[in-house]
Amino acid sequence: MPNYKKLLSHAFDFPVTVKYWDGKSETYGEGTPKAEIDINKELSMTEIAKHATLTLGEAYMDGDIDIKGSIQQVVASAYRSTTSFMHDKSFLKFVPKQGHSEKENTKDIQSHYDIGNDFYKLWLDPTLTYSCAYFEHDDDTLEQAQLNKIHHILNKLKPNRGKTLLDIGSGWGTLLYIAAEEYGLHATGVTLSQEQYDYTKDQIQKRGLEDLVDVQLEDYRKIKVQYDYITSVGMFEHVGKDNLPGYFKKVNELLKPNAHALIHGITGQHNGPGVEPWLTKYIFPGGYIPSVSKNLDYMIEANLQIEDLEPLRRHYQKTLEIWDHNFNDVRDQVREMFDERFCRMWDLYLQAAAASFESGNIDVMQFLLTKSPSGEGLPMTREYMYEEK
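Description of the structure in this document. (Residues numbered from 1 in each chain as written. Predicted model: local features only at pLDDT ≥ 70, side-chain atom pairs only at ≥ 80, totals over all residues. Heavy atoms only, no water.)

Some remarks on the sheet that holds strand S3 (residues 35–39)
Step number 1: Pairing is mixed in the open sheet, where 4 strands are placed in the order S2-S1-S3-S4. For this open sheet the edge positions go to strand S2 (25–28) and strand S4 (65–68), each flanked by a neighbour on one side alone. Averaged over all pairs of adjacent strands, the angle between their axes in this sheet comes to 20°, without regard to strand direction.
Step number 2: Judged from the 4 bridges that link them, strand S1 (residues 16–19) and S2 form a sheet pairing that is antiparallel. In the strand pairing of S2, valine 16 is matched with tyrosine 28. (Pairing = 2+ DSSP bridges. Helix = DSSP H or I, 4+ residues; strand = E, 2+ residues; numbered from the N terminus. Axes fitted to C-alpha atoms, helices over the stretch in contact; angles between N-to-C directions.)

Pasting the structure below:
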């Protein structure tokens, strides 16, 4: 197994046993193995050399690879190992081409978010919030942490009652409802997901918020009205590398003079391709994760000034760990809705994402921005962000 040995012998920062399809096994690393990888079928080294994570991810989905132990810990170990193929550019020859026209963006968003509300209801918290939570206390439930996150976002804006707010990429609408019910804002959401749009419209009616909340099934680039506040949570990862400068320019365009925006999204504290082939093919088509430095460049080019920047990496790791636990609790139901291959795919996605945050391969940050000189209209210190509303 010379090629496999070259691939795996330095792939992890802790000892791992690999069992091969012919019954042979080998332990790579010193000490007691912390995981076992079973390669049940010989895989093409040519394909692995072309696009390692895509080939290995598909092999796991198909049952050609099994992992005994924590997938999250195995992937995190590979990210931490500086000699791993995960950091070897020779194994990243295939970077998928992406298009981000309005039609393509709609298709990409619907392919992920329109899997079905019934699916997401199985393992998300009752607020149906599908983004990084904010754990103020170690014993916060996922639902409490998601509510914490929404309050943290709105508190940073220090909004005045009666003002207007636009939420770009509004999901299932929880931020909209809280902005209206608790902060007295006139809130508008925009989404490309038909399922999310239908759910939000239904909730607006059930909550009696027709006079305060609106949602549009529309591309954010079509919005023309200016707002006092803008929020956008988990959105800029979907717009694509070429469209990121335009995204931040659009934020500027939609803000009233001296207004504020809170942009929350996945980014990285290093420079990399920003595209993961397996994730792009199976989970987030069209997805691109920019580095912090790229985001800052685009914000400055858009004439936005930075008022506050907060990394929340550990919060997203914990969020994903809870999601994966919830997902596996209802795995039988998911299997009935889809199939075992889908279950393996989704479990791999959630654990690998948690590993990526755990290892620092990616981060998630909140950018508080303004189109005026930084801090204009806000208190001199950050204490106001943590005051009880």
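Details of the pairing of strand S5 (residues 164–168)
Looking down a regular strand, the side chains alternate between one sheet face and the other.
Step number 1: The buried fraction of S5 amounts to 4 of the 5 residues, a majority that puts the element mostly inside the structure.
Step number 2: One ladder, built from 5 bridges, connects S5 with strand S6 (residues 186–191); its direction is parallel. By the bridge assignment, threonine 164 is partnered in S6 with histidine 186.
Step number 3: In terms of handedness, the path from S5 via helix H8 (residues 174–181) over to S6 forms a crossover that is right-handed.
Step number 4: Note that S5 and strand S8 (residues 227–233) share 3 bridges and pair parallel. Bridge pairing in S8 links leucine 165 to tyrosine 229. (Buried < 20%, exposed > 50% of the residue type's maximum accessible area, 1.4 Å probe, protein only. Right-handed = clockwise from strand over helix to strand, strands pointing away.)

Some points on helix H15 (residues 340–358)
Step number 1: For H15, built from 19 residues, the straight-helix expectation of 27 Å at 1.5 Å per residue is met to within 8% by its first-to-last C-alpha distance of 27 Å.
Step number 2: With 15 of 19 residues buried, H15 is to be regarded as a mostly interior element.
Step number 3: Structurally, the start of H15 carries an N-cap: the backbone nitrogen of arginine 341 is 3.2 Å from a side-chain oxygen of aspartate 339.
Step number 4: Among the residues trailing H15, glycine 360 stands out with phi positive, at a value near 80°. (Expected span 1.5 Å × (residues − 1). Polar contact = N/O pair within 3.5 Å; in protein donor to acceptor, adjacent residues only side chain to side chain.)

Observations concerning the sheet that holds strand S9 (residues 255–267)
Step number 1: Spatially, the 7 strands line up as an open sheet ordered S7-S6-S5-S8-S9-S11-S10, and their pairing is mixed. Edge positions in the open sheet fall to strand S7 (213–217) and strand S10 (305–311), since each of these has one partner strand only. With direction set aside, neighbouring strand axes in the sheet form an average angle of 15°.
Step number 2: Across the sheet, helix H9 (residues 194–206) touches S6 and S7, and the angle it forms with S7 is around 160°. (Contact = heavy atoms within 4.5 Å.)

Considering the pattern of salt bridges
Step number 1: For the coordinates displayed, the defined rule picks out 22 salt bridges.
Step number 2: In this structure, the salt-bridge partner of lysine 281 is glutamate 58, at a minimum N-O distance of 2.9 Å. With lysine 281 in helix H11 (residues 277–282) and glutamate 58 in helix H3 (residues 52–61), this pair connects stretches of sequence that are 223 residues apart.
Step number 3: Taking relative accessible area as the criterion, lysine 281 reaches 51% and is therefore assigned exposed.
Step number 4: If you follow the salt bridges from partner to partner, you end up with Arg331, Asp332, Arg335, Glu340 and Asp347 in one network. (Salt bridge = Lys/Arg side-chain N within 4 Å of Asp/Glu carboxyl O.)

A closer look at the nonpolar core
Step number 1: If you look at the biggest cluster of nonpolar residues, it comprises 71 residues, and the most contacted ones within it are Tyr120, Trp123, Tyr130, Leu154, Trp323, Trp346 and Tyr349.
Step number 2: A total of 11 residues in this core trace back to one element, the largest contributor, which is H15.
Step number 3: Counting 29 residues, the second-largest nonpolar core is a separate cluster that includes Tyr227, Phe236, Val275 and Leu304. (Core = buried A, V, L, I, M, F, W, Y, C linked by side-chain atoms within 4.5 Å.)

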